[in-house]
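Structural overview for review
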Amino acid sequence: MKRWLVVLLVLLALLILLSPAIVGRLAENNIEETIEWAESDSPGVSIQAESFDRGWLTSEGRHRVVLDGGQFREMAEEYTASTGNADLPSLIIDTQLEHGPLPVSTMSPGLANAVSTFMIDPGNGVPIEIPGALTSKVGLDGASNSHLLLESGSFDFEDAELEWTGADMVFESDPSTGNVSVDGEISPWTVSADDGAAGFSGMTITADQVRSKFGFGVGSIDMTMGSVTLEDDSGLFSINELSLSADSSIEDDRLNANTVFGMDQMTIPAFGAVDFGIDVSLERMDAASSAVIGKAFQEAQSAPDPEAALANLYPEIETEVETLFTRGFSIRMNKLDVTLPQGVVSAKFSVDVPESDDPNFSWATVLLGMNANIDFRIPGAIYEMAAMMNDQAGSLIAMGILVPDGADYVMDAEYAQGLINVNGVPMPVPIPGL
């Protein structure tokens, strides 16, 4: 059941998030360029144009979306080995286009109107229809508006059954400005099988992004996901709620970003409930170097051997990494809280790297110039359990790294000009034993 849960989750994500982008660009003259664009934005996703018949006023096309590489490579190999199916699960998109300055069905000015329907091929060559459609309108200026409306439905495959109650999403894009926005919700769905079940109570998402001149998007996104459950022989795993809020911008070719993520009541079998909250921000990060480094990581993840590609990545990005540190930046972890049954582990830290005008880069200069601090708190019960499992953790108190504060242990450390001060005591760098 777990294998089918992963497959169905990813196919649902493709249906909701990727298909509107594909359809919104089908009206363009060069379909191959459209496919290359979509694949470059989604490593590990292969889009195959199975047919496209262009007419004078109408055209029809079929595209197949397959997960076969990058971060999906391992899942694809496991699926093939466990099922014996030569073909991987895929999402089929059938699109009817009315194009020209005055599409015949609406008689309103525009480049194209499109209606797309969807099918899921579980890998056996017998597609299953998804009730609902994506309607899109592309204006004369290239701006598009798409509305994805899925009705409730269900289908069975081998030992698994998927039931869903629909989705309602609106997507807007304008190539002249690079703006892309998303607003809508995904209704609850469930997966059940002989050896377990999974449930998802729904999600709302609002996003407004613009593609920067550096090739990546900046803007805002807010997402809230309701409860998630997974039950099998090991027990019930559940999450009460997930939330994500992120904002980013570019000023003077510097990237600034802030992300807040929260997970409420993750219940783990035989362990208990866990809450997780994080608030992290980046300031003054060189946007050009960040774009090159990010693209390099993306390409490594899509390589035939991602682990080897990532392990050998640094020489390719070394110059950009040095530029990033030369121009300076700051990273701030404003909040990192993990609530366990035994108490709350919390941390805050910041790292500030000043800009340097030294033409000869050296890591020694970076280390001497940067400043950092960290505040860390751990409940005594959790620390004592860690000390029993690891001798090195047990020596932190004797070394003065952790000091008692009521029922907790804390650390207050500062680093500046190559020197570190821990709980008011100067220490050498690196700290012996760590």
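Residues numbered from 1 in each chain as written. Predicted model: local features only at pLDDT ≥ 70, side-chain atom pairs only at ≥ 80, totals over all residues. Heavy atoms only, no water.

The next thing to look at is the packing of helix 4 (residues 287–301) against helix 6 (residues 314–327). Interhelical geometry of helix 4 versus helix 6 gives an angle of 145° and a closest axis separation of 9 Å. Two packed elements cross with a definite hand, and for helix 4 against helix 6 that hand is left-handed. Contacts from Ser289, Ser290, Val292, Ile293, Ala296 and Phe297 of helix 4 reach helix 6 at Ile317, Glu320, Val321, Thr323 and Leu324. By residue class, the composition of the contact of helix 4 with helix 6 is seven nonpolar, three polar and one charged. (Axes fitted to C-alpha atoms, helices over the stretch in contact; angles between N-to-C directions. Helix = DSSP H or I, 4+ residues; strand = E, 2+ residues; numbered from the N terminus. Left-handed = near helix turned anticlockwise from the far one by under 90°. Contact = heavy atoms within 4.5 Å. Nonpolar A, V, L, I, M, F, W, Y, C, P; charged D, E, K, R; others polar.)

As a further point, take the pairing of strand 10 (residues 179–186). Relative to strand 10, strand 9 (residues 167–174) runs antiparallel, the two sharing eight bridges. In the strand pairing of strand 10, glutamate 172 is matched with serine 181. The hairpin turn running from strand 9 into strand 10, its antiparallel successor, is four residues long, and glycine 178 in that turn takes a positive phi close to 80°. As paired strands, strand 10 and strand 13 (residues 203–211) are joined by eight bridges and run antiparallel to one another. Bridge pairing in strand 13 places aspartate 183 opposite threonine 206. (Pairing = 2+ DSSP bridges.)

This part takes up the pattern of salt bridges. Pairing between side chains of opposite charge can happen when their charged atoms approach one another. On inspection of all chains with the given rule, the structure shows eight salt bridges. The salt bridge involving aspartate 94 is made with arginine 62; its shortest N-O contact spans 2.6 Å. Placement of aspartate 94 in strand 3 (residues 90–99) and of arginine 62 in strand 2 (residues 58–67) is noted, with a sequence separation of 32 residues between them. Arginine 254 is the partner of glutamate 355 in a salt bridge, and the nearest nitrogen-oxygen pair spans 3.4 Å. With a gap of 101 residues between them, glutamate 355 in the loop between strand 20 (343–353) and helix 7 (363–369) and arginine 254 in strand 17 (residues 254–268) connect regions that are remote in the sequence. One network of salt bridges, in which partners are shared, links Arg377, Asp405 and Asp408. (Salt bridge = Lys/Arg side-chain N within 4 Å of Asp/Glu carboxyl O.)

On to the environment of methionine 370. By the secondary structure assignment, methionine 370 is in the loop between helix 7 and strand 21 (371–379). Spatially, the C-alpha atoms of methionine 370 and valine 351 are 7.2 Å apart, while their sequence positions differ by 19 residues. In this structure, methionine 370 is in contact with Val351, Asp352, Val353, Pro354, Tyr415, Ala416 and Gln417, ignoring residues within four places of it in sequence.

On the secondary structure map, serine 212 appears in the loop between strand 13 and strand 14 (217–225). Looking at serine 212, the relative accessible area reads 14%, which means it is buried. Serine 212 sits 75 residues away from alanine 287 along the chain, and the two C-alpha atoms are 9.5 Å apart. A polar side-chain atom of serine 212 sits 2.8 Å from the main-chain carbonyl oxygen of phenylalanine 216. (Buried < 20%, exposed > 50% of the residue type's maximum accessible area, 1.4 Å probe, protein only. Polar contact = N/O pair within 3.5 Å; in protein donor to acceptor, adjacent residues only side chain to side chain.)

The predicted model of the protein chain averages 81 in pLDDT, with 78% of residues at 70 or higher. With pLDDT under 50 throughout, residues 23–35 is counted as low confidence; its partners more than four residues away or in other chains account for 28 contacts. (pLDDT = per-residue confidence, 0-100.)

Scanning the model with the defined rule gives seven aromatic pairs in all. For the ring pair phenylalanine 261 and phenylalanine 276, a centre distance of 6.2 Å and an interplane angle of 55° mean the geometry is tilted. Of the two residues, phenylalanine 261 is situated in strand 17 and phenylalanine 276 in strand 18 (residues 272–286); the sequence distance between them amounts to 15 residues. Its relative accessible area of 26% is what places phenylalanine 276 among the partly exposed residues. Between phenylalanine 325 and tryptophan 363, the aromatic rings sit 4.9 Å apart at their centres with planes inclined by 70°, giving edge-to-face as the arrangement. A residue pair is termed long-range when its members are at least 10 positions apart, and phenylalanine 325 in helix 6 and tryptophan 363 in helix 7 qualify at 38 residues. For tryptophan 363, a relative accessible area of 36% translates into the label partly exposed. (Phe/Tyr/Trp six-rings, centres within 6.5 Å; stacked < 30°, edge-to-face > 60°.)

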